[in-house]
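Commentary on secondary and tertiary structure
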Amino acid sequence: MVYLAPWKVAVTLAVLLASIIVAVPNVLPRSVVDSLPSWLPARQVVLGLDLQGGSHLLLRVETDSVVNDYLDSVVDLVRASLREDRIGYRGLGVAAGRVRLTLTDPAEGDAAMTLLRAIDHDLSVERQGDAITVSLSQEAADARASNAVSQSIEIIRRRVDESGTTEPLIQRQGADRILVQLPGVDDPERMKSLLGRTARMTFHLVDEEVTAADIAGGRVPAGRLVLPVEGAGQQEAGRLAIERRTRVSGENLTDAQATFHQGQPVVSFRFDSLGARQFATITTENVGRRFAIVLDERIISAPVMREPILGGNGIISGSFSAQEVQDLALLLRAGALPAPLTIIEERTVGPSLGSDSISAGKLAAGVGLVIVTGFMLVTYGRFGLYANIALVSNIILLFAVLTALKATLTLPGIAGIVLTMGMAVDANVLIFERIREELRLGRSPIQAVDAGFSRAMGTIIDSNLTTLFATLFLFIFGSGPVRGFAVTLSVGILTSLFCAFMVSRLLIVRWLRARRPSTLTL
């Protein structure tokens, strides 16, 4: 045991050197790290929400709206199918999560059932007399809801990345909830607005024949939709009547950028090939008419089409500020949410509170380090010094691993590091006490050290494995701060085992081989 193969020495020294290189950026100012050569590691441990401040949001995806939107589309398909086969009906609409209609001639029931069953295999069609109900199967509804949550997570991630927020935490919780943690965010209200907007954009023709008096009196023709108008740039204050039919969908947008037009901030957009053809057709056939751009059931712009637009490009203008234009472009680039989001939990941590937490964590770690190293020096002398060197190596290795894993350091994580410092010397204490016992039995220093390392190994591994299993369960079944504590503690256990059996043993063996003491005081 007192003999170390050259390859073990080389591996130990290589691991320590690599750990120092990876961990050093954590103690350097960000400006210095940014100036380092590109071939050097420059990553730093990511500070969690409780250390650098930011926003914590728990969002619920309104999955019921996904099913309702699908049933609304089914209504259109049912109407088209029945009209094509000249089957009379009345009262077609969505009620209580089902599509309902009543046949004018019950004798046409079998033909109607055959047509409706062919619309979608996920639909269940039932008939009672002249009444027919069409519903979505539970399995299909659950699948659509789950897919909506997955799509929402991806779109939220795009929006957060576009906003410039670094190292966000976005993860699913339960069936319909999404946890979003945004460290370092200094404008939580803007982020709430960006994440909460559905950003579903559509393009419609304005019905110029419907006047403001008609809208106020409720005299709106069928197939028309009345929506509020945003922005003082519109001459009509209030609402406009637009065709319900969507001429071009925002899903066909490929890019949107904030820019300036005639000195005013605007959003320039570009369609894909399909959207460009549709846009060209509409603008060619309707020169002189107004084209409403609708975002989340509000008209954000309604310009007059002066000439055909054939290139698939356009601009959205209005009384926007520069920040509003940037946010709108961001939302359009990221895409529309498949369902509305509701904020059900919100917490904001100020940067001053985070800096206080860091200071408290540094103080706790410093005090713990001084007490542990002082105890080891007083109790074990030279061997205690070697244990302290191994302890410092353990801390460096721990931060290197956390940096390499892109782990997020939280306040509970700092508690895990402080606990790791105490546990790291436990292995050395067991080894040194075993060496003392062997010396009392009259063994030589080399025999005592050999027996101390070999016979204490089983106990050390057993005790650390039980703790490691506990931290794994904390990580699997815990969430948030609990998982941060589990990560740092589990990594600390593994690094402390390495430093106890490799670093401290290397130092002790090198000293024994160099000095060859006849007696050993421990």
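This structure is a prediction, so every number in the text was calculated from the model and none was measured.

**So, the overall build of the protein**
- What the protein contains, in helices and strands, is 14 helices and 19 strands.
- Relative to a compact globule of 522 residues, whose C-alpha radius of gyration would be 24 Å, the protein shows 34 Å and is clearly more extended.
- The principal-axis extent of the C-alpha atoms belonging to the protein is close to 110 × 65 × 40 Å.
- Across the 522 residues in the protein, those meeting the buried criterion constitute 42%.
- Excluding contacts between residues fewer than 6 apart, the proportion of contacts in the protein whose partners are at least 24 apart in sequence is 68%.
- In the form shown here, the protein has an accessible surface area of approximately 26,400 Å², with 56% of it arising from carbon and sulfur atoms.
- Averaging the locations of the 50 positively and 51 negatively charged side chains of the protein gives two centres separated by 10 Å.

**So, empty space enclosed by the protein**
- As enumerated under the stated definition, the model contains 1 cavity of 30 Å³ or more in all.
- Volume-wise, the largest cavity comes out at about 50 Å³.
- For the largest cavity, the full set of lining residues is A387, A390, L391, N394, A424, V425, N428, S496, C499 and A500.
- Looking at the lining of the largest cavity, the elements with two or more residues in it are α11 (351-404), α12 (411-440) and α14 (481-515).
- Among the elements that line the lining of the largest cavity, the one with the most residues is α11, at 4 residues.
- For the lining of the largest cavity, the per-class residue count stands at 7 nonpolar, 3 polar and no charged.

**Re the packing of α12 against α14**
- Following both chains from N to C, one finds α12 and α14 inclined at 30 degrees, their axes separated by 8 Å at the closest point. Relative to α14, the element α12 is oriented roughly parallel. Relative to α14, α12 is oriented so that their crossing is right-handed.
- The residue inventory of the contact of α12 with α14, partitioned by class, reads 16 nonpolar, 9 polar and no charged.

**A look at the packing of helix α6 (residues 138-163) against helix α7 (residues 188-196)**
- One can describe the packing of α6 onto α7 by two numbers: an axis separation of 10 Å at closest approach and a directional angle of 145 degrees. Between α6 and α7 lies a crossing of right-handed hand. Contact residues: α6 offers I156, R159, V160 and S163, while α7 offers M191, L194 and L195.
- The class makeup of the residues in the contact of α6 with α7 is 5 nonpolar, 1 polar and 1 charged.

**Examining the sheet that holds strand β9 (residues 201-205)**
- If you trace the 4 strands from one edge of the open sheet to the other, you get β12-β9-β15-β16, paired in antiparallel fashion. A single partner strand is all that each edge strand has here, and the edge strands are β12 (248-249) and β16 (298-301).
- Two strands pair when backbone bridges link them, and β9 and strand β15 (residues 291-295) are joined in this way by 5 bridges, in the antiparallel orientation. From the neighbouring strand, T202 faces β15, where its bridge partner is V294.

**Describing the side chain of R290**
- Among the structural elements, R290 can be located in the loop between α9 (273-285) and β15.
- Relative accessible area serves as the criterion here: at 10%, R290 is assigned to the buried category.
- At 3.0 Å, the side chain of R290 forms a polar contact with the backbone oxygen of A302.

**A few points about the layout of surface pockets**
- Here the largest pocket is characterised by a volume of approximately 1,400 Å³.
- Along its surface, the largest pocket is lined by 39 residues, and D69, R200, T202, T246 and E297 are the ones closest to its centre.
- Going through the elements one at a time, α4 (63-84), α6, β9, β10 (224-228), β13 (253-261) and α10 (322-334) are the ones with two or more residues in the lining of the largest pocket.
- A per-class count over the lining of the largest pocket returns 16 nonpolar, 11 polar and 12 charged.

**Quick word on a nonpolar patch on the surface**
- Taken together, M457, I461, L465, F469, L472, F473, F475, I476 and F477 make up a surface patch of nonpolar side chains, about 890 Å² in accessible area.
- Within the secondary structure, I476 sits in helix α13 (residues 445-477).

**A word on the pattern of salt bridges**
- By the definition in use, this model includes 21 salt bridges.
- Residues R333 and E162 are paired through a salt bridge, measuring 2.9 Å at the closest nitrogen-oxygen approach. In this pair, R333 sits in helix α10 while E162 sits in helix α6, placing the two residues 171 residues apart along the sequence.
- Judged by relative accessible area, which is 28%, R333 ranks as partly exposed.

**Re helix α1 (residues 6-23)**
- Along its 18 residues, α1 runs 26 Å from first to last C-alpha, staying within 8% of the 26 Å computed at 1.5 Å per residue.
- Within the span of α1, buried status applies to V9, T12, L16, S19 and A23. One face of α1 carries all of its buried residues, which in axial projection span an arc of 100 degrees. In α1, those exposed residues whose orientation departs by more than 90 degrees from the buried face are P6, W7 and L17.

**So, the nonpolar core**
- If you look at the biggest cluster of nonpolar residues, it comprises 47 residues, and the most contacted ones within it are I156, V180, M201 and I316.
- Each residue touching V180, except ones within four places of it in the same chain, is listed here: S55, H56, L57, L59, I156, L169, I170 and L195.

**Structural notes on the side chain of S65**
- As for its position among the elements, S65 is in helix α4.
- Residue S65 is classed as buried on the basis of its relative accessible area of 17%.
- When sequence neighbours within four positions are dropped, the list of residues in contact with S65 reads A339 and P340.

**A short note on the pairing of strand β5 (residues 123-128)**
- Relative to strand β6 (residues 131-136), β5 is paired through 6 bridges, and the arrangement is antiparallel. Looking across to β6, one finds that L123 is bridged to L136.

**Considerations on the confidence of the model for the protein**
- Counting all residues, the mean pLDDT for the protein is 85, and 97% of those residues have values of 70 or more.
- Across the protein, the secondary-structure element scoring lowest on mean pLDDT is helix α3 (residues 49-52), at 77, and the one scoring highest is α1, at 91.
- Within the model, the stretch residues 232-236 combines pLDDT values under 50 with 9 contacts to residues more than four positions away or in other chains.

Definitions and limits used
- Residues numbered from 1 in each chain as written.
- Predicted model: local features only at pLDDT ≥ 70, side-chain atom pairs only at ≥ 80, totals over all residues.
- Heavy atoms only, no water.
- Helix = DSSP H or I, 4+ residues; strand = E, 2+ residues; numbered from the N terminus.
- Rg over C-alpha atoms; globule rule 2.2 N^0.38 Å.
- Buried < 20%, exposed > 50% of the residue type's maximum accessible area, 1.4 Å probe, protein only.
- Contact = heavy atoms within 4.5 Å.
- Areas by Shrake-Rupley, 256 points an atom, 1.4 Å probe, with all protein chains shown as cover.
- Lys, Arg positive; Asp, Glu negative; His and termini not counted.
- Charge placed at Lys NZ, Arg CZ, Asp CG, Glu CD.
- 1 Å grid on protein atoms, 1.4 Å probe; cavity = no way out; pocket = protein on both sides within 12 Å on 5 of 7 lines; lining within 4 Å.
- Points joined across faces, edges and corners; volume = space filled by probe spheres on them.
- Nonpolar A, V, L, I, M, F, W, Y, C, P; charged D, E, K, R; others polar.
- Axes fitted to C-alpha atoms, helices over the stretch in contact; angles between N-to-C directions.
- Parallel < 35°, antiparallel > 145°, perpendicular 65-115°, else oblique.
- Left-handed = near helix turned anticlockwise from the far one by under 90°.
- Pairing = 2+ DSSP bridges.
- Polar contact = N/O pair within 3.5 Å; in protein donor to acceptor, adjacent residues only side chain to side chain.
- Patch = residues over 30% accessible without salt bridge, like charges linked within 9 Å, V, L, I, M, F, W, Y side chains within 5 Å.
- Salt bridge = Lys/Arg side-chain N within 4 Å of Asp/Glu carboxyl O.
- Expected span 1.5 Å × (residues − 1).
- Arc of directions from axis to C-beta.
- Core = buried A, V, L, I, M, F, W, Y, C linked by side-chain atoms within 4.5 Å.
- pLDDT = per-residue confidence, 0-100.

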